[in-house]
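Structure assessment
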2 protein chains.
Amino acid sequence: MPIYAAPIKDTQFVLKHILNLDKYANLPGFADATPDVINAVLEEGAKFVEQVLQPINLSGDREGCTRHADGSVSTPTGYKEAYRQFVDGGWGTLSAPREYGGQNMPHVIGTAFNEYLISANMAFAMYPGLTHGAISSILVRGSDEQKQTYLPNMVSGKWLGTMNLTEPHCGTDLGLIRTRAEPQPDGSYKLTGTKIFISSGDNDLAENIIHLVLAKATGAPDTVKGISLFIVPKFLVNADGTLGAKNGVSCGSIEHKMGIKGSATCVMNYDGATGYLVGEREKGLQAMFIMMNAARLGVGQQGMAMSEVAYQNAAHYAKDRIQGRALTGAKAPEQKADPIIVHPDVRRMLLDARSFNEGARAFTLWGGLLVDLAHKAMTEQERQDADDLVSLLTPVIKGFITDKGYEYSTTCQQVLGGHGYIEEWGMSQFVRDARIAMIYEGANGIQAMDLVGRKLAQNGGRAVRSFFELIATYCNDHKSDDTMKPFIAPLEKSLGHLQASTMWLMQNGLANPDDAGAAAYPYMHIMGLVCLGYLWAQTAKAAQTALAGGTDDPDFYANKLIVAQYFTERHLVETSSLRHKVEAGSKTIMAMAANQF
Amino acid sequence: MPIYAAPIKDTQFVLKHILNLDKYANLPGFADATPDVINAVLEEGAKFVEQVLQPINLSGDREGCTRHADGSVSTPTGYKEAYRQFVDGGWGTLSAPREYGGQNMPHVIGTAFNEYLISANMAFAMYPGLTHGAISSILVRGSDEQKQTYLPNMVSGKWLGTMNLTEPHCGTDLGLIRTRAEPQPDGSYKLTGTKIFISSGDNDLAENIIHLVLAKATGAPDTVKGISLFIVPKFLVNADGTLGAKNGVSCGSIEHKMGIKGSATCVMNYDGATGYLVGEREKGLQAMFIMMNAARLGVGQQGMAMSEVAYQNAAHYAKDRIQGRALTGAKAPEQKADPIIVHPDVRRMLLDARSFNEGARAFTLWGGLLVDLAHKAMTEQERQDADDLVSLLTPVIKGFITDKGYEYSTTCQQVLGGHGYIEEWGMSQFVRDARIAMIYEGANGIQAMDLVGRKLAQNGGRAVRSFFELIATYCNDHKSDDTMKPFIAPLEKSLGHLQASTMWLMQNGLANPDDAGAAAYPYMHIMGLVCLGYLWAQTAKAAQTALAGGTDDPDFYANKLIVAQYFTERHLVETSSLRHKVEAGSKTIMAMAANQF
């Protein structure tokens, strides 16, 4: 059976030493989130996911979801009970607004717990995860009546939410949407069409499901500009808040997927279903983007969370499995063989994953804090800076972290040799589950295009300039510190590759958009590596400070220094090759006729 | 439903232009393999795998194998009939020796067909694939009587073969084997023990299964030096060649695996089973290595073959799926959207795979030819040179090609977006099937250690020196050719990184074996890239020659030039980062205490 222990100390380290959370105690919601409260949340949250969710992860993968003849969908054994405990414990309400029953904690704290939830059971985490996205859209764009009608039960988890974008013939290009919404005399609409890949489209966890659906209202342009967003409840809600009639929406089938099998992925048929417009007509895409940006940060976390649980299992195996002898002579001569952790190449695999995971944890929590600051920072300038930065980095968190999370989940699977390929050991599931994160909420190629085609240029490049300045300033502030040289010099070099790549894009991508398209993917990866390099440099500094100050946990900080060094030597060096790929341009990539592929 | 068409033209190109097969017409077996014969084999082979094996690939994955209460194992629906056609068509006999019923064709031709077999149905290909390995061991080490008794039926495919190495507590470290063999008065042995991960350990395809089993005979040292190799038939064979009693070996259970689900992976229980010593007592490991080296080349092919079929499906989808518009303006204005092949980032994914696949095809076929030459070349010197080279390159073909094959299978899956994650589209299966090739026949980390720890040093480094000379000579011969400069200059640079890395290993790895261990993996990848760069340079030269000479298929050769250029710009550049990883050494990797992982 796979194991999992929530990495509480690592989370606390990031919150305290990298994000300096105590600096924000004066902001709304932060005051109540004292270190004691945060620790209690993390510790109780860890217990919950370890004791309730992790034990049904492997069995849920094996069993999957079941659609019955009447269109209803059952989740795997144990999910229903676990979800009840999730709701009773208020685990979905951490960062939700108090007026709708939330605990009003900083988003970054909800983000921290979310990692544990995913590592323990990614398929299960999809149910509340999608609901959070739906809540965001209603919060920002819904009417007061809609907020009152839907949010309290969605926040508590009594009801779940979904996002309905994709149709059989359209995913990325939402302009092709065919689902129609016909206005009714009472102001509501009747929706008709088919949506696919709808996570938790139907399930037996909650008594109602609030679908958020993109459709084109009668008379709207048949392009991306004609899209509106609608609320379509599974059961209509009476004026007194009780549940009314079943709406005209049902699950037509569920998909057989590579992973996240405990998450019901549904084809949803809308057959004159009653829907309510959210926000303005034909502004549906903007409303949906609110949901998607939040969701993209969560998906980025999935990549890291899978690599983390895969690492824990691989490390456990490597210390336990005896096989062969160390290259430098027996390390456990009393046994017939040494544990395989003695081998440099086994350590390479483990450190590849660990140095990514810890950096990516800092990166995703930073993203979570920036969301808080974009809303709650004291000054307009600070809010704008945070918003700029999180907009710029969201595609990187989504694209880079899910690519690498899958890669290192695979690497950790490799540590187990043949056992890694056998389902009962659980490593295959981590890899299969991690795989989807590279695809949904905008495939990673789309993230790269979002970064290069939109985010770099926004407001005349304001965000990326601030980002460069942030890191350059950090380097300048620490380069005279001898102990920091091993981290600062390579970071500066990588920043140089990123800046040169950006310059190349400015000089070429505008004149020839194909050059931008050809460079986007490696560019996104350079930026991801630079972000992790920056966060690892800060980690090293904090570790040095703690060690110099006489900590009672010297191993913890010494390990941080070792892993920081590993990241710098083995990951950050990839920025030079990636820059070559950026500068290779689009000539070769576009040379072959389409029919020759 | 996934598609597959065997890439016959590409195979022919490699055989003719890269391997110059006509040069070897004077060697045994080659004379009969005229271009016409080869073309007929490839064309008929293509038809067979496309019409018989590919259609049962997806269904076989879904259904898997079944173990019945009596320990017997059924393969998926259609496998039995397909296997009968395989045997009737003589598809397992291509490169087998004539005296045992083989067609005596060059090994490289069998290798070419083997790729098609794997791409069409990797799980099915495991059954004859393992048998080939078993045949090799008996051919080289078996007694005349054993050859007569077993080989004709194994060559024809009437009987299947297996390799039994792994036990629950031992995989890589075979010294830990516990299976015992007790000598009997009649010269046979009684084998008792448990073997795991035994591919095709039991199945319903063949009337008998010849297990090759590693065990320790009574009194043998309880180390790797005490291992002997035994033949243990499922049914004992009477003196007249008919089948006798069922032997004391049975399948205890079958594994639930991530992929290759149509291949029955068995726990095999030996309970006083009758076995016959192969070759000398306590020389079992050497006999097994014969089998493993052949098998490793075949496993390398699996990586490429999965990436090839994944590429074909991804390219098909990319030309078919309309979504969004080209960055440079509509390419199909008559439709509501352009096919996604217009996007540079989609082409990046396809070309990443294709430039790897075509290079890896040349690499694996080169490996196949070197096996022929090591046995059949005219002079002792030529045989030794070929043997040196194939020994050196076998771990690279296995380790590098399966790593990359999995990576690019994943990349091709990405092209399909959400559909790539749904089992019925088949892309998930290619990824899941490809995954095992990185693990079995020696996990890729073991391959890297074999390369760095054994192959480099063998005979005072004779093989690697010849290899460097081969490529350096090629570069020198072509560097004054202006049209070849785009290929030769980067190849020389990469060769330089490889040579510098080798030098680093010599200077550090001997004094500190952990430095060798820490460097092995990136070193293996540099060598793989240099091999592909060398083969792509030859490809470019052949294409230029064909185009200059006025070919009737200019697109084919023009595409080769484009893909060669792509490989050079986007893959070969990685050698510089990899060299940094080699030179990072083992200090950081070994710094952390084992219990801190």
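Model, not experiment: these values are computed from the prediction.

**A word on the overall build of chain A**
Counting its secondary structure elements, chain A contains 18 helices and 11 strands. Relative to the 2.2 N^0.38 estimate, which gives 25 Å for 597 residues, the radius of gyration of chain A is 24 Å and therefore close to what a compact globule would have. Dimensions of chain A, computed from C-alpha atoms along their principal axes, come out at roughly 80 × 60 × 60 Å. Burial analysis of chain A (597 residues in total) assigns 64% to the buried set. Here chain A has roughly 20,600 Å² of accessible surface; of this, 53% comes from carbon and sulfur atoms. Seen as two clouds, the 53 positive and the 62 negative side-chain charges of chain A have centres 4 Å apart.

**A short note on the pairing of strand β5 (residues 189-199) of chain A**
Residue and element names in this part refer to chain A. Here strand β4 (residues 180-183) runs beside β5; their pairing, made up of 4 bridges, is antiparallel. Bridge pairing in β5 places glutamate 182 opposite lysine 190. In this structure, the hairpin formed by β4 and β5 is closed by a connection of 5 residues, where glycine 187 is found at a positive phi of approximately 95 degrees. Note: β5 against strand β11 (residues 265-278), 9 bridges, orientation antiparallel. In the strand pairing of β11, leucine 191 is matched with alanine 273.

**Thoughts on the packing of aromatic side chains**
The final tally for this structure, using the stated rule, is 43 aromatic pairs over all chains. Look at phenylalanine 48 of chain B and tryptophan 91 of chain B: their rings are 6.0 Å apart centre to centre, the planes differ by 20 degrees, and that puts the pair in the stacked class. Here tryptophan 91 of chain B lies in the loop between α4 (79-88) and α5 (107-120) and phenylalanine 48 of chain B lies in helix α2 (residues 35-53), a separation of 43 residues in the sequence. Residue tryptophan 91 of chain B is classed as buried on the basis of its relative accessible area, which comes to 12%. Ring-pair connections join several aromatic residues into one group, and the members of that group are Phe48, Tyr79, Tyr83, Phe86, Trp91, Phe113, Phe124 and Tyr127 of chain A. The positively charged end of arginine 348 of chain B is found above the aromatic ring belonging to tyrosine 521 of chain A, 3.7 Å away from the centroid. The ring of phenylalanine 289 of chain B carries the charged tip of arginine 454 of chain B above its face, separated from the ring centre by 5.8 Å.

**Comments concerning the environment of leucine 94 of chain A**
All names here are of chain A. By the element assignment, leucine 94 lies in the loop between α4 (79-88) and α5 (107-120). Taking the C-alpha atoms as reference, leucine 94 lies 8.1 Å from histidine 107; in sequence the two are 13 residues apart. Not counting the four nearest positions on each side in its chain, leucine 94 is found in contact with Val41, Gln103, Asn104, Met105, Gly110 and Phe113.

**Regarding the interface of chain B and chain A**
Chain B puts 93 residues into the contact, and the matching count from chain A is 93 residues. Where chain B touches chain A, the interface holds 4 salt bridges. With its nearest N and O atoms 2.7 Å apart, the salt bridge here joins aspartate 222 of chain A to lysine 336 of chain B. Our count for the contact surface shared by chain B and chain A stands at 56 residue pairs in polar contact (both at pLDDT 80 or more). Ranked by residue count, the leading element in the side of chain B that touches chain A is helix α16 (residues 554-570) of chain B, at 8 residues. When grouped by side-chain class, the residues that make up the side of chain B that touches chain A number 42 nonpolar, 28 polar and 23 charged.

**So, helix α14 (residues 485-508) of chain A**
With 24 residues, α14 of chain A should reach 34 Å at 1.5 Å per residue; the first-to-last C-alpha distance of 34 Å fits that figure. By the burial criterion, the buried members of α14 of chain A are Phe487, Ile488, Leu491, Ser494, Leu495, His497, Leu498, Ser501, Thr502, Trp504 and Leu505 of chain A.

**Topic: the relation of the copies chain B and chain A**
Mapping chain B onto chain A leaves a residual RMSD of 0.0 Å; the transformation is a rotation of 180 degrees accompanied by 0.0 Å of translation along its axis. Here the transformation between the copies is reduced to the relation of a two-fold axis. Identified as the residue of chain B closest to the rotation axis by C-alpha distance is serine 577 of chain B, at 3.1 Å. An overlap of 100% is found between the interface residues of chain B and their copies at the interface of chain A, pointing to a shared contact surface.

**Observations regarding the side chain of glutamine 54 of chain A**
Residue and element names in this part refer to chain A. The residue glutamine 54 is located in the loop between α2 (35-53) and α3 (57-63) in this model. A polar contact is formed between the side chain of glutamine 54 and the backbone oxygen of proline 2, at a distance of 2.9 Å. Leave out the neighbours within four places in its chain, and glutamine 54 touches Pro2, Ile3, Tyr4, Val49 and Ala120.

**Section: the side chain of lysine 398 of chain B**
Residue and element names in this part refer to chain B. Here lysine 398 is to be found in helix α10 (residues 380-415). Buried charged residue lysine 398 carries no salt bridge. Nearest counter-charge: aspartate 403, at 7.4 Å. Looking at lysine 398, its side chain comes within polar contact range of the main-chain oxygen of glycine 442, at 2.9 Å. Sequence-distant contacts of lysine 398, that is, excluding residues within four places in its chain, are made with Arg296, Val299, Gly300, Ala437, Met438, Ile439, Tyr440, Glu441, Gly442, Ala443, Asn444 and Gln447.

**What to know about the packing of α4 of chain B against helix α6 (residues 122-141) of chain B**
Residues and elements named next belong to chain B. Relative to each other, α4 and α6 sit at 50 degrees, their axes nearing to 12 Å. Relative to α6, α4 is oriented oblique. Pair α4 / α6 crosses with right-handed handedness. Along the contact surface, α4 presents Tyr79, Ala82, Tyr83 and Phe86, while α6 presents Ala123, Phe124, Tyr127 and Pro128. Within the contact of α4 with α6, the residues separate by chemical class into 8 nonpolar, no polar and no charged.

**Some words on unusual backbone geometry**
Residues and elements named next belong to chain A. At phenylalanine 197, a position not held by glycine, the phi torsion is positive, near 60 degrees. Take phenylalanine 197: it is sitting in strand β5. Here phenylalanine 197 falls in the partly exposed class, since its relative accessible area comes to 22%. Positioned with a positive phi, isoleucine 260 is a non-glycine residue whose angle comes to about 30 degrees.

**A look at the pattern of salt bridges**
Side chains bearing opposite charge may pair, as long as their charged atoms lie close to each other. Tallied over the full model, the rule gives 60 salt bridges over all chains. Note that glutamate 44 of chain A and lysine 47 of chain A form a salt bridge whose closest N and O atoms lie 3.1 Å from each other. Of the two residues, glutamate 44 of chain A and lysine 47 of chain A are both situated in helix α2; the distance of 3 residues between them amounts to about one turn of the helix. When its relative accessible area of 41% is taken as the criterion, glutamate 44 of chain A is described as partly exposed. For arginine 462 of chain B, the salt bridge is made with aspartate 388 of chain B, and the minimal N-O distance between the two is 2.8 Å. A residue pair is termed long-range when its members are at least 10 positions apart, and arginine 462 of chain B in helix α13 (residues 458-478) and aspartate 388 of chain B in helix α10 qualify at 74 residues.

**Section: the environment of alanine 310 of chain B**
All names here are of chain B. Along the chain, alanine 310 turns up in helix α8 (residues 284-320). For alanine 310, a relative accessible area of 0% corresponds to the buried category. Residues alanine 310 and glutamine 429 lie 119 residues apart in sequence; the distance between their C-alpha atoms is 9.4 Å. With residues near it in sequence (within four places) discarded, alanine 310 still touches Ser409, Cys412, Met427 and Phe430.

**Comments concerning empty space enclosed by the protein**
Within the structure shown, the criterion is met by 7 cavities of 30 Å³ or more. Taken as a whole, the largest cavity holds about 1,400 Å³ of empty space. Taken together, the residues of the lining of the largest cavity break down into 17 nonpolar, 12 polar and 16 charged.

**Let's talk about the pairing of strand β3 (residues 159-164) of chain B**
All names here are of chain B. Burial runs high along β3: 6 of the 6 residues are buried. A two-sided burial pattern is seen for β3, the buried positions comprising Trp159, Gly161 and Met163 on one face and Leu160, Thr162 and Asn164 on the other. Bridge count for β3 against strand β6 (residues 208-217) is 6 bridges, and the pairing is parallel. Looking at the pairing, glycine 161 lines up with isoleucine 210 of β6.

**A few points about the confidence of the model for chain A**
Overall, the predicted model of chain A reaches an average pLDDT of 97, with 100% of residues at or above 70. The complex prediction reports pTM at 0.98, with the ipTM value standing at 0.98.

**Describing the packing of helix α10 (residues 380-415) of chain A against helix α13 (residues 458-478) of chain A**
All names here are of chain A. At a minimum axis separation of 9 Å, α10 and α13 run at an interaxial angle of 90 degrees. The orientation of α10 with respect to α13, classified from their angle, is roughly perpendicular. Taking contact as the criterion, the partners of Gln384, Asp388, Leu389, Leu392 and Leu393 in α10 are, on α13, Asn459, Arg462, Ala463, Val464, Phe467 and Leu470.

**Some details on α5 of chain A**
Spanning 14 residues, α5 of chain A covers 20 Å between terminal C-alpha atoms, matching the ideal 20 Å at 1.5 Å per step. Among the 14 residues of α5 of chain A, 13 are classified as buried, and the element is accordingly described as predominantly covered.

Conventions we followed
Residues numbered from 1 in each chain as written. Chains lettered and ligands numbered in written order. Predicted model: local features only at pLDDT ≥ 70, side-chain atom pairs only at ≥ 80, totals over all residues. Heavy atoms only, no water. Helix = DSSP H or I, 4+ residues; strand = E, 2+ residues; numbered from the N terminus. Rg over C-alpha atoms; globule rule 2.2 N^0.38 Å. Buried < 20%, exposed > 50% of the residue type's maximum accessible area, 1.4 Å probe, protein only. Areas by Shrake-Rupley, 256 points an atom, 1.4 Å probe, with all protein chains shown as cover. Lys, Arg positive; Asp, Glu negative; His and termini not counted. Charge placed at Lys NZ, Arg CZ, Asp CG, Glu CD. Pairing = 2+ DSSP bridges. Phe/Tyr/Trp six-rings, centres within 6.5 Å; stacked < 30°, edge-to-face > 60°. Lys NZ or Arg CZ within 6 Å of the ring centre and 35° of its normal. Contact = heavy atoms within 4.5 Å. Salt bridge = Lys/Arg side-chain N within 4 Å of Asp/Glu carboxyl O. Polar contact = N/O pair within 3.5 Å; in protein donor to acceptor, adjacent residues only side chain to side chain. Nonpolar A, V, L, I, M, F, W, Y, C, P; charged D, E, K, R; others polar. Expected span 1.5 Å × (residues − 1). Least-squares fit on C-alpha atoms with pLDDT ≥ 70 in both. Axes fitted to C-alpha atoms, helices over the stretch in contact; angles between N-to-C directions. Parallel < 35°, antiparallel > 145°, perpendicular 65-115°, else oblique. Left-handed = near helix turned anticlockwise from the far one by under 90°. 1 Å grid on protein atoms, 1.4 Å probe; cavity = no way out; pocket = protein on both sides within 12 Å on 5 of 7 lines; lining within 4 Å. Points joined across faces, edges and corners; volume = space filled by probe spheres on them. pLDDT = per-residue confidence, 0-100.

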